[in-house]
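# Secondary and tertiary structure notes
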Amino acid sequence: PVRVSVTRVRRPWTALMFENRLRILLGVLGLAALILLARLGQLQIVNADYYRQRAERCLVLTPTQLPFVRGSIHDRNGEVLVSDEPCWDLTIDYGVIAADSEDAPSVILREIKRWKRRGRYPIAVPDQQVQDAFRQEIAAMWEELAAITTSSNAPLSVFSLRARARDTYDHIAGIRAGVAARRGFDAPVAEEGQPHAILTGLDADQQIIAREMFARYPWVHVEASSSRRFAVDAEPFAHVLGRLGRVDAKVVESDPDAEDPFASYRADERIGTSGVEYAAERTLRGRRGQITVDRDNSVIEDIEAENGRDVTLTLHGPLQKRLYRLLGNA
C-alpha cells in the first residue's frame, strides 16, 4: 500500500496583510458609493422639483439693454429747441458683421461654431456645407435690408449697407487698438459682444415690418432707440446748440465711467462734440437700463434706464430769432 501524507502550507504574513488592507479599502469605497447613491437619490427624487426650478432659472437669456433718453435743451422761456424722439434701430451681431467684413476663414468658422452650439445648424453637417449656407443667409439678409428702405426718403443699396457694416467693423477695431494701448495687451472689447445699428430711425410701421421680415435671422434685432430732433424754427440757435458725433477710440480710452456697464460709452453711441451738446454732456447724458429674463420669459432682473436731465439756456428765443432775421437781411 502507498501512504499519502498531506502537508498544510502556511500563507506568509505579507499576503494576509495585503488581503486585510484590500478588504478595508473595498469597504471604504463601498461606503462612499452608498453615500453618493443616497445623495443622488435625494437630489434627483426627493428634491427633484426644487432643483429643477433652480436650474431652469439659471437658463437666463442674454440681458437686453434699455436705452435712455437724452435730455432736451430749452430757451429761457421753456421752448424746446432740441430733443430726443423715440424710434427703432435695426442692429446686427458683431460676429456676423466681422464674418462678412473679413476674408479670414477662421472668423467665419468661429461664428459658425457659435450658431451650431445654439442649434442653428445641425452638428453632423460638414463645416463647408454650413459655411456655404451661412454665406447665403448673410447675402439674403443684405438684400432684405435694402428692400426695407425702398419706401423711405433715402433708399439704401446692398453696397451702402455693407459699407456701413464695414465702417462699424473698422471703428471697433480702432477702439480695440486704443484699449490695448491703454492696457498694455490685446484682448476683446465689450463692443465685440454686442449688436450694432445698421439701420437707424425706423418708425412704428417700419419696425413692425422689420420684426416680421427678419425673424428668421437670429443675429438681427430691432431695438428701441431715439434720434436727436431740432425744432422747426431752431436754425437761429444752431451755432449755440452744437452737434453730436460718433464715439471714437479716444473717447472710450478716456471715459471716466469705463468701469460702469450702464454709463460707459459704447461704439454705437453719440457724444456732444460742440456747443451746448458738448458743454452739458454730463448733464444731458443718462444711464442705460437692463432687463434679464429666463426661458419662461419671467423677469430675473429689471434695472430701469435713467434719462438725461434737461438744460435751460439764458437765451431769449424771440429776440434771438429777430436778430437772426435782421442779420440775414443785412
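Residues numbered from 1 in each chain as written. Predicted model: local features only at pLDDT ≥ 70, side-chain atom pairs only at ≥ 80, totals over all residues. Heavy atoms only, no water.

### Regarding the overall build of the protein chain
Across its full length, the protein chain carries 12 helices and 10 strands. In terms of overall size, the protein chain is more extended than a compact globule, its C-alpha atoms giving a radius of gyration of 32 Å where 330 residues would be expected to give roughly 20 Å. With respect to the principal axes defined by its C-alpha atoms, the protein chain has extents near 150 × 45 × 45 Å. Burial statistics for the protein chain: of 330 residues in total, 35% are counted as buried. (Helix = DSSP H or I, 4+ residues; strand = E, 2+ residues; numbered from the N terminus. Rg over C-alpha atoms; globule rule 2.2 N^0.38 Å. Buried < 20%, exposed > 50% of the residue type's maximum accessible area, 1.4 Å probe, protein only.)

### Observations regarding the side chain of Asp-100
Looking at the secondary structure, you find Asp-100 in helix H3 (residues 94-101). A distance of 3.1 Å separates a polar atom in the side chain of Asp-100 from a polar atom in the side chain of Arg-162. (Polar contact = N/O pair within 3.5 Å; in protein donor to acceptor, adjacent residues only side chain to side chain.)

### Quick notes on the packing of aromatic side chains
Using the criterion set out here, one finds 5 aromatic pairs in the structure. The interplanar angle of 80° and the centroid separation of 5.6 Å between the aromatic rings of Phe-134 and Trp-219 together place this pair among those described as edge-to-face. Placement of Phe-134 in helix H5 (residues 127-148) and of Trp-219 in the loop between helix H7 (204-213) and strand E5 (220-230) is noted, with a sequence separation of 85 residues between them. Trp-219 shares its class with Phe-134; the two are buried. When the centroid spacing of 6.0 Å and the interplanar angle of 40° are considered together, the rings of Tyr-217 and Trp-219 count as tilted. Grouping aromatic residues by their ring pairs yields a cluster made of Trp-115, Phe-134, Phe-214, Tyr-217 and Trp-219. Here the guanidinium or amino end of Arg-285 rests over the ring plane of Tyr-265, the centre of that ring lying 4.0 Å away. (Phe/Tyr/Trp six-rings, centres within 6.5 Å; stacked < 30°, edge-to-face > 60°. Lys NZ or Arg CZ within 6 Å of the ring centre and 35° of its normal.)

### A short note on the sheet that holds strand E1 (residues 64-66)
With antiparallel pairing, 3 strands are arranged side by side in an open sheet as E1-E8-E9. Across the chains shown, the open sheet's two edge strands, defined by having one partner strand only, are E1 and strand E9 (299-303). Mean inter-strand twist for the sheet, computed between neighbouring axes without regard to direction, equals 15°. One ladder, built from 4 bridges, connects strand E8 (residues 289-293) with E9; its direction is antiparallel. (Pairing = 2+ DSSP bridges. Axes fitted to C-alpha atoms, helices over the stretch in contact; angles between N-to-C directions.)

### Focus on a nonpolar patch on the surface
The grouping of Phe-18, Leu-22, Leu-25, Leu-26 and Leu-29 at the surface amounts to a nonpolar patch, some 510 Å² of accessible area in total. In this structure, Leu-29 sits in helix H1 (residues 13-46). (Patch = residues over 30% accessible without salt bridge, like charges linked within 9 Å, V, L, I, M, F, W, Y side chains within 5 Å. Areas by Shrake-Rupley, 256 points an atom, 1.4 Å probe, with all protein chains shown as cover. Salt bridge = Lys/Arg side-chain N within 4 Å of Asp/Glu carboxyl O.)

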